[in-house]
Amino acid sequence: MLLLPLSNPLNQFNSICGVGESEKYLLNRHKENHFTAGEIVCDIIIGVSDGLTVPFALAAGLSGANASSSIILNAGIAEVAAGANSMGLGG
């Protein structure tokens, strides 16, 4: 049984694409710095979407019921205040 040594696929790619020594040096030294505060951003996005969904749904429902503009505005502000208090208290 004849076993051939396995070659590095990156070396094969480099030889096919004609990557020179300077490009190899840059590729080996390249270090990507990714954003690491993913949980905070995720919490902010979910909180904003949660905090805006109910007031818009309330305003749409009251608009569909032909309520006056002052009632829609007051109900929206009251819902935002109630939602902020609820989230602030840990709800």
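Residues numbered from 1 in each chain as written. Predicted model: local features only at pLDDT ≥ 70, side-chain atom pairs only at ≥ 80, totals over all residues. Heavy atoms only, no water.

A. Examining the overall build of the protein more closely. Summing up its helical and strand segments, the protein has four helices and zero strands in all. Walking the protein from its N terminus toward its C terminus, one meets helices and strands in the order α-α-α-α. In the structure as shown, the protein presents an accessible area of about 7,900 Å², 65% of it carried by carbon and sulfur atoms. (Helix = DSSP H or I, 4+ residues; strand = E, 2+ residues; numbered from the N terminus. Areas by Shrake-Rupley, 256 points an atom, 1.4 Å probe, with all protein chains shown as cover.)

B. Highlighting the confidence of the model for the protein. With 77% of its residues at a pLDDT of at least 70, the protein reaches an overall mean of 76. Averaged pLDDT values over the elements of the protein bottom out at 58 in helix H1 (residues 9-17) and peak at 87 in helix H4 (residues 69-88). (pLDDT = per-residue confidence, 0-100.)

C. Up close: unusual backbone geometry. Here the phi dihedral of Asn66 falls at roughly 60°; this positive angle occurs in a residue that is not glycine. Relative to the helices and strands, Asn66 is located in the loop between helix H3 (38-64) and H4.

D. Geometry of H3. The first and last C-alpha atoms of H3 sit 38 Å apart over 27 residues, in line with the 39 Å expected at 1.5 Å per residue. Among the residues trailing H3, Asn66 stands out with phi positive, at a value near 60°. (Expected span 1.5 Å × (residues − 1).)

E. Representation of the packing of H3 against H4 within the structure. Viewed as axis vectors pointing N to C, H3 and H4 meet at an angle of 155°, and their least axial separation amounts to 9 Å. Between H3 and H4, the interaxial angle falls into the category roughly antiparallel. Here H3 and H4 pass one another in a crossing that is right-handed. In this structure, H3 uses Asp50, Val54, Pro55, Leu58, Ala59, Leu62 and Ser63 to contact H4, whose residues at the interface are Ile71, Ile72, Ala75, Gly76, Glu79, Val80 and Met87. The residue makeup of the contact of H3 with H4, split by class, is 10 nonpolar, two polar and two charged. (Axes fitted to C-alpha atoms, helices over the stretch in contact; angles between N-to-C directions. Parallel < 35°, antiparallel > 145°, perpendicular 65-115°, else oblique. Left-handed = near helix turned anticlockwise from the far one by under 90°. Contact = heavy atoms within 4.5 Å. Nonpolar A, V, L, I, M, F, W, Y, C, P; charged D, E, K, R; others polar.)

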